Amino acid sequence: MSPEPFGARLRHAMDTRGPLCVGIDPHASLLTAWGLNDDVAGLERFTRTVVEALADRVAVLKPQSAFFERFGSRGIAVLEKAVQEARAAGALVLMDAKRGDIGSTMGAYAATYLEKDSPLFSDAVTVSPYLGFGSLRPALDAAVLSGAGVFVLALTSNPEGAEVQRATAADGRSLAQLMLDHMAAENEGMTPLGSVGAVVGATLGDAGANLAINGPLLAPGIGAQGATPADLPGVFGSSVGNVVPSVSRGVLSQGPDVAGLREAAERLTDEIRAAVAGS
Ligand SMILES: O=C(O)c1cc(=O)[nH]c(=O)n1[C@@H]1O[C@H](COP(=O)(O)O)[C@@H](O)[C@H]1O
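Predicted, not measured: the structure shown is a model, and the values here were computed from it. (Residues numbered from 1 in each chain as written. Predicted model: local features only at pLDDT ≥ 70, side-chain atom pairs only at ≥ 80, totals over all residues. Heavy atoms only, no water.)

**Digging into the UniProt feature "domain: Orotidine 5'-phosphate decarboxylase" (unreviewed entry) in the chain**
(1) Moving on: This chain's UniProt record puts "domain: Orotidine 5'-phosphate decarboxylase" (unreviewed entry) on residues 19-264.
(2) Moving on: Taken end to end, residues 19-264 is 39% helix and 17% strand, and its first and last C-alpha atoms sit 14 Å apart. (UniProt positions renumbered as here; feature names shortened; annotations may be inferred. Helix = DSSP H or I, 4+ residues; strand = E, 2+ residues; numbered from the N terminus.)

**Quick notes on the pairing of strand 3 (residues 92-99)**
(1) Moving on: Counting buried positions along strand 3 gives seven out of eight residues, so the element sits mostly inside the fold.
(2) Moving on: Note: strand 2 (residues 60-63) against strand 3, two bridges, orientation parallel. Bridging from a neighbouring strand, Val 60 pairs with Leu 92 of strand 3.
(3) Moving on: In this structure, strand 3 lies alongside strand 4 (residues 124-127), joined through three bridges in parallel fashion. Note on strand 4: the bridge partner recorded for Arg 99 is Val 127.
(4) Moving on: Tracing the backbone out of strand 3, into helix 6 (residues 103-114) and back to the parallel element strand 4 gives a crossover that is right-handed. (Buried < 20%, exposed > 50% of the residue type's maximum accessible area, 1.4 Å probe, protein only. Pairing = 2+ DSSP bridges. Right-handed = clockwise from strand over helix to strand, strands pointing away.)

**Let's talk about the pattern of salt bridges**
(1) Moving on: All told, the structure shown has 15 salt bridges when counted by the stated rule.
(2) Moving on: Ionic pairing is found between Arg 11 and Asp 15, a salt bridge with its closest N-O pair at 3.5 Å. Remark: Asp 15 and Arg 11 occur in helix 1 (residues 6-17); sequence separation between them is four residues, near one turn of the helix.
(3) Moving on: Relative accessible area serves as the criterion here: at 51%, Asp 15 is assigned to the exposed category.
(4) Moving on: Across the pair Asp 171 and Arg 173 runs a salt bridge, and its minimum N-O distance is 2.6 Å.
(5) Moving on: Look at Asp 171 and you get partly exposed, because its relative accessible area is 47%.
(6) Moving on: Overall, Arg 173 belongs to the partly exposed group, its relative accessible area being 30%.
(7) Moving on: Several salt bridges converge on common partners, so that one network encompasses Glu 44, Arg 48, Lys 81 and Glu 85. (Salt bridge = Lys/Arg side-chain N within 4 Å of Asp/Glu carboxyl O.)

**A short note on the UniProt feature "active site" (unreviewed entry) in the chain**
(1) Moving on: Here the UniProt feature "active site" (unreviewed entry) sits at Lys 98.
(2) Moving on: By the element assignment, Lys 98 lies in strand 3.
(3) Moving on: A polar contact of 2.9 Å, which involves the side chain of Lys 98, links it to the side chain of Asp 96. (Polar contact = N/O pair within 3.5 Å; in protein donor to acceptor, adjacent residues only side chain to side chain.)

**So, helix 3 (residues 40-54)**
(1) Moving on: A rise of 1.5 Å per residue sets the reference length of helix 3, with its 15 residues, at 21 Å; its end C-alpha atoms lie 21 Å apart and thus fit the reference within 8%.
(2) Moving on: Buried residues of helix 3: Val 40, Gly 42, Leu 43, Phe 46, Thr 47, Thr 49, Val 50, Val 51, Ala 53 and Leu 54, and no others.
(3) Moving on: For helix 3, the N-terminal cap is Asp 39; the gap from its side-chain oxygen to the backbone nitrogen of Ala 41 is 3.3 Å. (Expected span 1.5 Å × (residues − 1).)

**With respect to the packing of aromatic side chains**
When we look at a pair of aromatic rings, we describe it by the centre distance and by the angle of the planes.
(1) Moving on: Counting across every chain of the model gives two aromatic pairs.
(2) Moving on: With a centroid separation of 5.9 Å and an interplanar angle of 85 degrees, the aromatic rings of Phe 6 and Phe 151 are classed as edge-to-face. Taken together, the positions of Phe 6 in helix 1 and Phe 151 in strand 5 (residues 149-155) put the pair 145 residues apart, joining distant regions of the chain. You'll find Phe 6 and Phe 151 in the same group, each marked buried.
(3) Moving on: Judged by centre distance (4.2 Å) and plane angle (35 degrees), the ring pair of Trp 34 and Phe 46 falls under tilted. Here the residue Trp 34 occupies a position in the loop between helix 2 (28-33) and helix 3, and Phe 46 occupies one in helix 3, the gap between them amounting to 12 residues. For the residue pair Trp 34 and Phe 46, the accessibility class agrees, reading buried in each case. (Phe/Tyr/Trp six-rings, centres within 6.5 Å; stacked < 30°, edge-to-face > 60°.)

**Here's the deal with the sheet that holds strand 8 (residues 243-247)**
Hydrogen bonds along the backbone pair up the strands of a sheet, which may run parallel or antiparallel.
(1) Moving on: One closed barrel accounts for eight strands, arranged 1-2-3-4-5-6-7-8; its pairing is parallel. Looking at each pair of strands side by side, their axes are set apart by 30 degrees on average, direction ignored.
(2) Moving on: Both strand 4 and strand 5 contribute to a ladder of four bridges, which runs parallel. Each residue of the ladder has a partner; that of Val 125, found in strand 5, is Val 150.
(3) Moving on: Set on the sheet, helix 3 makes contact with strand 1 (21-24) and strand 2; between it and strand 1 the angle comes to about 165 degrees.
(4) Moving on: Against the sheet, helix 6 contacts strand 3, strand 4 and strand 5, and its axis sits at roughly 160 degrees relative to strand 3. (Axes fitted to C-alpha atoms, helices over the stretch in contact; angles between N-to-C directions. Contact = heavy atoms within 4.5 Å.)

In structure tokens:
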């Protein structure tokens, strides 16, 4: 029997738990603010606390791989454990690895994050399409087989992204729109939601692109980067119901107190639901 697709699992999680994604980004400064050392023991404690506080209640947890990789193999071991524990507690895990390479190497990344027997198997992974959307094919195919998802960078939250993403392709579309149109083709006919998501920053003001990809829209930028839940309808328009707002420091700064982390996530979820319902 083929596995339940990621898009369906995500829609269910968003409807029952709310659409919030919390990023697990163990910045050195956050470890210090939590009274932890910037070492593997601090990383382990930080990560375990976030997973224990939130994996049983938020729809998605998004570990940012770089913050674990900086500790080498012992950091990756912490990441592996976090992925497994978060999934066991019912959260969908989106591995934020932003991988992008030529197709054959993309196959190895797909094996790492999207094949069921891999130690780092995740519900979804972030990828960059700017080596050409077709270079992502091994990841897109692996995700279908394992019931996982792929989130493709489209319009990122950082101001530097525009010089590439807003550039004009040969046929007059922006590069971002070209990528979004590829995503829409991948998701065609999928119900209730396709498994190929787009990353679109909540900081953009107005996306200025057609976001109707029939897939989830990961929206980082709320909190530390200046956007608020109230900005979502303006950026996402009629697609706002498919938005998964992603917040890292805005929640993590409320730790190490478990109640503080939970309250921050709950408050944001309420604000997001209100913004989406009022749009
Ligand atoms: O793919 C992402 O998650 C991502 C895309 C993007 O356009 N902008 C962006 O900030 N992110 C990630 O989202 C997180 C934002 O963290 P905060 O600004 O602390 O909420 C970081 O892990 C970024 O790597």
